[in-house]
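Structural characterization, general
Here are the chains, one letter per residue:
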Amino acid sequence: MATKSLKKLGNDLAQSNKQIEILSNGIFKTGELPTFKDKISETSQFPIKAKKLEILQINVGYMCNQVCDHCHVDAGPDRKEIMTRDTMRQCLEVIKNSGAHTLDLTGGAPEMNPDFRWFVEEAAKVGIKDFIVRSNLTIIRANKKYYDLPDFFKKHNVHVVSSMPHWTRGKTDKQRGDGVFDKSIKALQELNAVGYGMPDSDLRLDLVYNPSGAFLPGDQEAMEKDFKKALMEDFGIEFHNLFAITNLPIARFLDYLIASENYEDYMYSLVEAYNPSAVENVMCTNTLSISWDGYLFDCDFNQMLELPVNSKSRHVSDFNEELLEGRNIVISQHCYGCTAGAGSSCQGIVA
Amino acid sequence: MSKPYYDAADLRKFGKITEWSEELGTKFFDYYGKVFEEGALTAREKSLIALAVAHTEQCPYCIDAYTKDSLQRGVTKEEMMEAIHVGAAIKSGATLVHGVQMMNKVNKLDG
């Protein structure tokens, strides 16, 4: 189990250009597998263009209390990149001046940003109706100062989306660290206790499933049934929906794929599972990702690869929705992760 | 150096059998796909049956394919191992139940 980020370890793959090099060479360079650009061109879907902005996904910092094996952010306790209140103020201006109706907060553990609560409160004041917080669950139990997070979420009607790789302790702890399963169960019970995830409750609690190894997620609906049955029988836990998300071959997951000699097979699986109808609804078409230091990206993955938006408006300080709409999405081979099978996005399947 | 009979990469080429007999190959894959769809049994249950049979058939391609398929469906390693034991039990039972035939023959010849 990892305890340090790749960045802290000085691993080559902490560098985004090294990752892009790997994704551009090898089997894609030799033509053994088609590049993503060639693949979507077959169905005349290149270039992918941004539609109307609906969701702002803000990464408020890479610091996290966990060091999960497959984290595409390479997050961990040793990451110091944290969004400042000044940048948050600029994000609030963007919210005011854009048509985005949903604010999706992610990290790291977004709750670890010291201005996290201030930001949620201010964003509510300027008109955000739908809040999503990507919570790793264990943060709620990590320190006394986080114990009241379920109440805070409830107060602002935050939609909680939490990672849960499996309904068994063994598979969960293998991916996310020892003790994560028990803490997550406790956190879910506390969220249930304040009304989250209960049938007919407006307090939305969804779980995210992403595979614990070099394989793709199975059918989202079937997995949801299995999760619901097991979590109810074993722990009396309720939740609304399960989002099955494919692991994208970047950062720690890419490192794992290469080290375990699964990289080529995994890329074959992604390309074989390519589904042109998933391209229509990939999340980059209605979402904009903002990094801790205020730069704009097509998605959180491009943010980690440091592939900026293809627009003159590149930072919250010069945000221009008109310029951004219709921009060509920046793609590479990692994009196959969002078009495999029924597709994958932060909101689950797309096709 | 001699090449092994089995190459894991050949599994990806399975679909190519259709190239040399399109009608039969296509019919087979249509049937195969249909068999594994959700029906009276869930796709997850079918995957576990396939995994057990893959072992009794000792087909390395099938073992690779259905181990991965089981993982994708959230099957745990304990469940996978139990499924294989079911296959192994039937295999050994199938051997041993023929012991009755041996006993019958002994009794007839040497009773």
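In this text the structure is predicted, and so the values were computed from the model without any measurement.

Let's shift gears to the overall build of chain A. The number of helices and strands found in chain A is 15 helices and eight strands. In summary, chain A has a C-alpha radius of gyration of 19 Å against a globular reference of 20 Å for 351 residues, a match within 12%. Its C-alpha atoms give chain A principal-axis dimensions of roughly 55 × 45 × 40 Å. Within chain A, the proportion of its 351 residues that are buried is 50%. For chain A, the share of sequence-separated contacts (at least 6 apart) that also reach a separation of at least 24 residues comes to 75%.

As a further point, take the overall build of chain B. Counting its secondary structure elements, chain B contains six helices and zero strands. From first element to last, N terminus to C terminus, chain B shows the α and β order α-α-α-α-α-α. In terms of C-alpha radius of gyration, chain B reaches 19 Å, well past the compact-globule figure of 13 Å for 111 residues. In chain B, which comprises 111 residues, the proportion classed as buried is 15%. A separation threshold of at least 6 residues defines the contact pool for chain B, and within that pool the share at least 24 residues apart is 55%.

Right, let's get into the nonpolar core. Residues and elements named next belong to chain A. Ranked by internal contacts, the top residues of the largest apolar core, which has 113 residues, are L56, V160, Y209, I250 and A251. Among the elements that make up this core, the one with the highest residue count is helix α9 (residues 180–193) (six residues). Excluding residues that lie within four positions of it along the chain, A251 makes contacts with L6, L13, C71, H72, V73, D74 and M304.

Moving on: the UniProt feature "domain: Radical SAM core" (unreviewed entry) in chain A. Here the UniProt feature "domain: Radical SAM core" (unreviewed entry) sits at residues 58–196 of chain A. Helix makes up 40% of residues 58–196 of chain A and strand makes up 13%, while its end C-alpha atoms are separated by 23 Å.

Attention shifts here to the sheet that holds strand β6 (residues 242–244) of chain A. Residues and elements named next belong to chain A. Reading across from one edge, β6-β5-β4-β3-β2-β1-β7-β8 is the order of the eight strands in this open sheet, with mixed pairing throughout. The two strands at the open ends of the sheet, each matched to only one other strand, are β6 and β8 (296–297). Summarising the sheet, strand β1 (residues 55–59) and strand β7 (residues 287–290) pair through four bridges and their orientation is parallel. If you follow I55 over to β7, its bridge partner there is T287. Along the sheet face, helix α10 (residues 220–235) touches β5 (205–209) and β6 and points at about 135° away from the line of β6.

Right, let's get into unusual backbone geometry. Residues and elements named next belong to chain A. Following F46, the chain continues into P47 via a peptide bond in cis, with omega recorded as -5°. Take P47: it is sitting in the loop between α3 (36–42) and β1. In this structure, D200 is a non-glycine residue whose phi angle is positive, near 70°. In this structure, D200 sits in the loop between α9 and β5.

What follows covers the UniProt feature "domain: Carboxymuconolactone decarboxylase-like" (unreviewed entry) in chain B. Annotation from UniProt places "domain: Carboxymuconolactone decarboxylase-like" (unreviewed entry) at residues 23–101 of chain B. Note that residues 23–101 of chain B is 81% helix and 0% strand, and that its end C-alpha atoms are spaced 43 Å apart.

The next thing to look at is the pairing of β7 of chain A. All names here are of chain A. Taking every second residue as pointing to the same face, both faces of β7 are buried, with T287 and S289 on one and L288 and I290 on the other. Relative to β8, β7 is paired through two bridges, and the arrangement is antiparallel. Across the sheet, the residue bridging to I290 is L296, located in β8. Count of turn residues in the β7/β8 antiparallel hairpin: five residues, of which G294 carries a positive phi of about 90°.

What follows concerns the environment of S332 of chain A. All names here are of chain A. In this fold, S332 is placed in the segment after α15 (321–324). Using a count of 20 C-beta atoms within 10 Å as the deciding quantity, one classes S332 as buried. The sequence separation of S332 and D202 amounts to 130 residues, and the corresponding C-alpha distance is 38 Å. Not counting the four nearest positions on each side in its chain, S332 is found in contact with I20, L23, S24 and F36.

Attention now goes to the interface of chain A and chain B. The interface is formed by 13 residues belonging to chain A together with 10 residues belonging to chain B. Considering every element that reaches the side of chain A that touches chain B, the biggest residue donor is α10 of chain A, with three residues. Partitioned by chemical class, the residues of the side of chain A that touches chain B number six nonpolar, four polar and three charged.

So, about the pairing of strand β3 (residues 130–135) of chain A. Residues and elements named next belong to chain A. Where strand β2 (residues 102–106) lies against β3, four bridges are found, and the strand directions are parallel. Counted as the bridge partner of L103 is F131 from β3. As for the winding sense of the linkage, the β-α-β connection from β2 through helix α5 (residues 116–125) to β3 is right-handed. Both β3 and strand β4 (residues 159–163) contribute to a ladder of four bridges, which runs parallel.

Given 3.6 residues per helical turn, the α-helix brings residues three or four places apart onto the same face. Residue and element names in this part refer to chain A. Among the nine residues in helix α11 (residues 251–259), seven count as buried, and that is most of the element. Among all positions in α11, only A251, R252, F253, L254, D255, Y256 and L257 are buried. Looking at the buried positions of α11, the neighbouring elements they touch are α1 (6–9), α2 (16–24), α12 (263–272) and α14 (300–304).

Rules and cut-offs
Residues numbered from 1 in each chain as written. Chains lettered and ligands numbered in written order. Predicted model: local features only at pLDDT ≥ 70, side-chain atom pairs only at ≥ 80, totals over all residues. Helix = DSSP H or I, 4+ residues; strand = E, 2+ residues; numbered from the N terminus. Rg over C-alpha atoms; globule rule 2.2 N^0.38 Å. Buried ≥ 20, exposed ≤ 12 C-beta atoms within 10 Å, placed from the backbone. Contact = placed C-beta atoms within 7 Å. Core = buried A, V, L, I, M, F, W, Y, C linked by C-beta atoms within 7 Å. UniProt positions renumbered as here; feature names shortened; annotations may be inferred. Pairing = 2+ DSSP bridges. Axes fitted to C-alpha atoms, helices over the stretch in contact; angles between N-to-C directions. Nonpolar A, V, L, I, M, F, W, Y, C, P; charged D, E, K, R; others polar. Right-handed = clockwise from strand over helix to strand, strands pointing away.

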